[in-house]
Amino acid sequence: MKNLKQIMLLMMTVSLSVFTSCSSDDDATPLIPIGSNSTGGQGTIAAKVNGADFTSLQITSFATKATGGGQTTLIMQGNTQSQAISMTINGFDGVGTYELSDNNVFRSATYIEPNISNPQNSPTWSAPYQNSGLVGEIVITEDTDSNVVGTFYFTCKNSNDDSVKNITDGSFNLSYQ
């Protein structure tokens, strides 16, 4: 689990590094604007983080599905210059509802505020966490060969300072890499 978290943090940091290395004539607005209902457009993850709108950039948003040992894992990720959301479903079986609970640590969601100059010091909030019970759901409404669509919500906790973030009204429409 710790290795998976470190791999996800590295992937998000690399994505952010690529984004911030773009030329200065690029604007920093999302390629698909967010509406007042936090509905993400094609190629994005959208949600509210403690009530504030979050919409990932298309260039840094993707889904990956891999099968090994008879089990499929779905990883979804999206970030901006200062925030990132990732979700992992081990035992992915297509359209359906996947609960985030401490009874099944093979499904997880993470909210990160990346520190590009020192990635090891990036504040990270994870779900589920110890003694959390049911803290969220990822609902897959469409899963094709080219993309995955759905909704989500979760409450996540920072293990360093015990602070909590509420990720609500989440939606995604991501292309597979």
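Residues numbered from 1 in each chain as written. Predicted model: local features only at pLDDT ≥ 70, side-chain atom pairs only at ≥ 80, totals over all residues. Heavy atoms only, no water.

Trainee: Break down the overall build of the chain for me, with residues and values.
Mentor: Looking only at helices and strands, the chain features one helix and eleven strands. Ordered by position in the sequence, the α and β elements of the chain form the string α-β-β-β-β-β-β-β-β-β-β-β. By residue count, 46% of the 177 residues in the chain fall in the buried class. When contacts within the chain are restricted to residue pairs at least 6 apart in sequence, long-range pairs at least 24 apart make up 57% of them. As displayed, the chain offers around 8800 Å² of accessible surface, 49% of which is attributable to carbon and sulfur atoms. (Helix = DSSP H or I, 4+ residues; strand = E, 2+ residues; numbered from the N terminus. Buried < 20%, exposed > 50% of the residue type's maximum accessible area, 1.4 Å probe, protein only. Contact = heavy atoms within 4.5 Å. Areas by Shrake-Rupley, 256 points an atom, 1.4 Å probe, with all protein chains shown as cover.)

Trainee: Tell me what's going on with the nonpolar core, and back it up with residues and numbers.
Mentor: M76, I140, F152 and F172 are the most contacted members of the largest nonpolar core, which totals 28 residues. A total of four residues in this core trace back to one element, the largest contributor, which is strand 10 (residues 147-157). Setting aside residues up to four positions removed in sequence, I140 forms contacts with L74, M76, I89, F92, G94, V95, G96, Y98, V148, V149, G150 and F172. (Core = buried A, V, L, I, M, F, W, Y, C linked by side-chain atoms within 4.5 Å.)

Trainee: Could you give me a rundown of the pairing of strand 1 (residues 44-49), with the residues and numbers involved?
Mentor: Buried residues dominate strand 1, accounting for six of its six residues. Every second residue of strand 1 is oriented toward a common face, with T44, A46 and K48 on one face and I45, A47 and V49 on the other, all of them buried. Note: strand 1 against strand 11 (residues 164-175), five bridges, orientation antiparallel. Bridging across to strand 11, T44 finds its partner in N173. Bridge count between strand 1 and strand 2 (residues 52-55): four bridges; the pairing is antiparallel. (Pairing = 2+ DSSP bridges.)

Trainee: Help me get a handle on the pattern of salt bridges, residues and values and all.
Mentor: Enumeration over the complete set of coordinates arrives at four salt bridges. In this structure, K165 engages E113 in a salt bridge whose closest nitrogen and oxygen atoms are separated by 3.6 Å. Of this pair, K165 sits in strand 11 while E113 sits in the loop between strand 7 (107-112) and strand 8 (124-127); the two residues are 52 residues apart in sequence, bridging distant segments of the chain. The class for K165 is buried, based on a relative accessible area of 16%. When its relative accessible area of 27% is taken as the criterion, E113 is described as partly exposed. (Salt bridge = Lys/Arg side-chain N within 4 Å of Asp/Glu carboxyl O.)

Trainee: Any chance you could break down the environment of G43 for me, citing the residues and the numbers?
Mentor: For G43, the position within the fold is in the loop between helix 1 (2-20) and strand 1. Using a relative accessible area of 11% as the deciding quantity, one classes G43 as buried. Spatially, the C-alpha atom of G43 lies 8.8 Å from that of N147, the residues being 104 residues apart in sequence. In this structure, G43 is in contact with L57, Q58, S61, N173 and L174, ignoring residues within four places of it in sequence.

Trainee: With reference to specific residues and values, describe the packing of aromatic side chains.
Mentor: Per the stated rule, a full pass over the model turns up four aromatic pairs. Measuring from ring centre to ring centre gives 5.6 Å for Y111 and W125, while their planes differ by 45°; the resulting arrangement is tilted. Remark: W125 occurs in strand 8 and Y111 occurs in strand 7; sequence separation between them is 14 residues. The two residues Y111 and W125 agree in class, both being buried. Centroid distance F152 to F154: 6.0 Å. Interplanar angle 25°. Geometry classified as stacked. A residue is classified by how much of its surface remains accessible, and F152, at 3% relative accessible area, is buried. Take F154: its relative accessible area is 1%, and that puts it in the buried class. One residue, K165, lies across the ring of W125, its end atom 4.8 Å from the ring centre. (Phe/Tyr/Trp six-rings, centres within 6.5 Å; stacked < 30°, edge-to-face > 60°. Lys NZ or Arg CZ within 6 Å of the ring centre and 35° of its normal.)

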